[in-house]
Amino acid sequence: MNSLTILGLETSCDETAAAVVRGTPPGPGVILSSIVFSQTEAHAPYGGVVPEIASRAHLEILDGLIERALDDANVSLHAVDAIAATAGPGLIGGVMVGLTTAKALALCMGKPLIAVNHLAGHALTARMTDGVGFPFLLLLVSGGHCQLLAVAGPEDYRLYGTTMDDAVGEAFDKTAKILGLPYPGGPNVEIHAARGNSRAYPLPRPLLGRPGMDFSFSGLKTAVRQLAQTQVNVDDACASFQAAAIDILKDRTAHALTRFRQDFPQAPHPMLVVAGGVAANAAIGAALRQLAESHDFDIRVPPPKYCTDNAAMIAWAGLERFALGKRDPLDFSPRARWPLDASGDDGHSGKRQQGA
Ligand code: KG4
Ligand code: ZN
């Protein structure tokens, strides 16, 4: 197949992003440009993403970012094969801005539109960066999602487990807020954790040692809140929280490694892929690497800038869909919820709102 060139747009949360990616499945692809504008400053005073502020900010800067992405890639709109945009799940106002912009470009340039599931973007990133083949086991850990899935094709996902309450990124963000650390919480908790003693405070590890592959983080968050009412050392609290989160992730993922082997006995070198913003956490990456190796799994964790929200992953997921011969109609509706697997659970905690 000829190499495909795709323009991708991402506007589902608080990052506005545009990228141009070239390649063919299974990858790796060439990221010709990837521009991410983080709205962190606009949301920081509120301690969380404010949907209305996010949509307005996307609207103000998206067209400029698209121009820059095309310029950086040295590609004209005429030369792209298709225009891909996140069509969900996410904050609906933001999704509408990106998807409507993509529709307008597709219509006036006579190019195909590809509606991309944001989670598929995260899931397929390791193909864009490393050319990972199917099937693989995916641990998807972000601000809104915490799931284990078997990925057997670009649009073939089997859900193994999901969170029963908060997503792990949300737990990081809430812990940061409780401890008075600035937004965005995850990276700040990691920095403080590196300086602290992880055994300073005993914190619960919900579901640990129980069968199954689901997650629960709300008990851990409540324990951090109670801890914060006493005199705490912030570094030690962050280290203790992060150690608990890692234990939970390892325990649940260990069950999924076993299940994946049963489901895909023909895979000679089974692969664990970690994706989503929380995969940018080096301590989590190291712990999962150790776990994978002890189970004879390979592991891929994409570089942090492609783990957190970006448009290159959307362009790549669009490229995979385009390569399957799929196109989407110009009246495609944005979706606030959009599960990756057919069973209907999109793994969204439903709590990712202002100040959450
Ligand atoms: O994938 P992402 O950029 O956006 C969503 O689709 O949710 O993930 C953002 C989440 C936030 O909760 C953020 O705090 C978390 O990823 N995160 C981290 C780190 N970097 C980002 N959590 C822990 N450690 C990090 N270094
Ligand atoms: Zn994301």
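What you see is a predicted model; the values in this text were computed from it and never measured.

## Looking at the domain arrangement of the chain
Many descriptions give the size of an interface as the accessible area lost when the pieces come together. Partitioning the chain into domains gives domain 1 (4–127 + 305–323) and domain 2 (133–303). For domain 1 versus domain 2, the distance between C-alpha centres works out to 26 Å. Contacts between the two partners involve 23 residues from domain 1 and, on the opposite side, 22 residues from domain 2. Summing the contributions of domain 1 and of domain 2, the shared interface buries around 1800 Å²; its carbon and sulfur component is 70%. Summed over the shared surface of domain 1 and domain 2, the number is 1 salt bridge. Linking Arg-321 and Glu-155 is a salt bridge whose minimum nitrogen-to-oxygen distance equals 2.8 Å.

## Some words on the pairing of strand β8 (residues 156–162)
Bridge count for strand β7 (residues 146–153) against β8 is 6 bridges, and the pairing is antiparallel. Along β8, the bridge assignment pairs Val-151 with Tyr-157. Between the antiparallel neighbours β7 and β8 lie 2 residues.

## A word on the coordination of the zinc ion (ligand 2)
Every protein donor of the zinc ion (ligand 2) is listed here as His-118 (NE2), His-122 (NE2) and Asp-309 (OD), and their distances to the metal cover 2.0 to 2.2 Å. All donors to the zinc ion (ligand 2) come from one chain, and their sequence spacing reads H-x3-H-x186-D. One end of the pair, His-122, is in helix α4 (residues 118–130); the other, Asp-309, is in the loop between α10 (304–307) and α11 (312–323), with 187 residues separating them in the sequence. Pair check on accessibility: His-122 and Asp-309 agree, each one buried.

## Digging into a negative patch on the surface
A contiguous patch of negative charge on the surface is contributed by Asp-63, Glu-67, Asp-71 and Asp-72. Looking at where Asp-71 falls in the secondary structure, it is placed in helix α2 (residues 51–73). Under the relative-accessibility criterion, Asp-71 is labelled exposed at 59%.

## Remarks on the packing of helix α5 (residues 168–178) against helix α6 (residues 185–193)
Between α5 and α6, whose axes approach to 7 Å, the crossing angle comes to 70°. When the axis of α5 is compared with that of α6, the two are roughly perpendicular. Every pair of crossing elements has a handedness; the one defined by α5 and α6 is left-handed. Two secondary-structure elements touch here, α5 through Phe-172, Asp-173, Thr-175 and Ala-176 and α6 through Gly-185, Gly-186 and Val-189. Of the residues in the contact of α5 with α6, the class split is 3 nonpolar, 3 polar and 1 charged.

## A look at α6
Taken together, the buried positions of α6 are occupied by Gly-185, Gly-186, Asn-188, Val-189, His-192 and Ala-193. Buried positions in α6, seen along its axis, are confined to an arc of 165° and lie on one side of it. Looking at the buried positions of α6, the neighbouring elements they touch are α5 and α8 (234–263).

Rules used throughout
Here, residues in each chain are numbered from 1, in the same order as that chain's written sequence. In the order they appear in the text, chains get letters beginning with A and ligands get numbers beginning with 1. Local features in a predicted model are, by the rule used here, given only for residues with pLDDT of at least 70; side-chain atom pairs are given and counted only at 80 or more, and totals for whole chains, interfaces and linings are based on all residues. The basis for every side-chain value is the complete set of non-hydrogen atoms in the structure, without hydrogens or water. Domain limits in this description derive from either an automatic procedure or a database domain assignment. Throughout, a residue-residue contact means that at least one pair of heavy atoms, one from each residue, lies within 4.5 Å. Buried area adds together the accessible area that both of two parts lose upon being put together, with accessible area traced by a 1.4 Å probe. By definition here, a salt bridge exists when the distance from a side-chain nitrogen of Lys or Arg to a carboxyl oxygen of Asp or Glu is within 4 Å. Here the rule is simple: two strands pair whenever DSSP picks up at least two bridges between them. Here a helix means four or more residues in a row that DSSP labels H or I, a strand means two or more in a row labelled E, and each is numbered from the N terminus. Metal donors: N, O and S atoms at distances within 2.8 Å, or within 3.2 Å for Na, K and Ca, with water omitted from the atom set so that some sites may seem incomplete. Residue burial is assigned from relative accessible area. The probe radius is 1.4 Å, only protein chains are included, and a residue is buried under 20% of its type maximum, exposed over 50%, and partly exposed in between. Patch membership needs two things, relative accessible area over 30% and no salt bridge, and members are linked within 9 Å if like-charged or within 5 Å if nonpolar (Val, Leu, Ile, Met, Phe, Trp, Tyr). The method behind every accessible area is Shrake-Rupley, applied with a 1.4 Å probe, and residues are considered shielded solely by the protein chains displayed. For the purpose of counting charges, residues Lys and Arg are taken to be positive, whereas Asp and Glu are taken to be negative. His and the chain ends are not included. Every charge is mapped to an atom, namely NZ of Lys, CZ of Arg, CG of Asp or CD of Glu. Geometry is summarised by axes, namely lines fitted to C-alpha atoms with helices restricted to the contacting stretch, and by angles between N-to-C directions that run from 0 to 180 degrees. For this classification, under 35 degrees means roughly parallel, over 145 means roughly antiparallel, 65 to 115 means roughly perpendicular, and everything else is oblique. Put simply, a crossing is left-handed when the front helix is turned counterclockwise from the back one by less than a right angle, and right-handed when it is turned clockwise. By the convention adopted, Pro, Cys, Tyr, Trp, Phe, Met, Ile, Leu, Val and Ala count as nonpolar, Lys, Arg, Asp and Glu as charged, and the other residues, Gly among them, as polar. As used here, the arc is the angular range of directions from the helix axis to the C-beta atoms.

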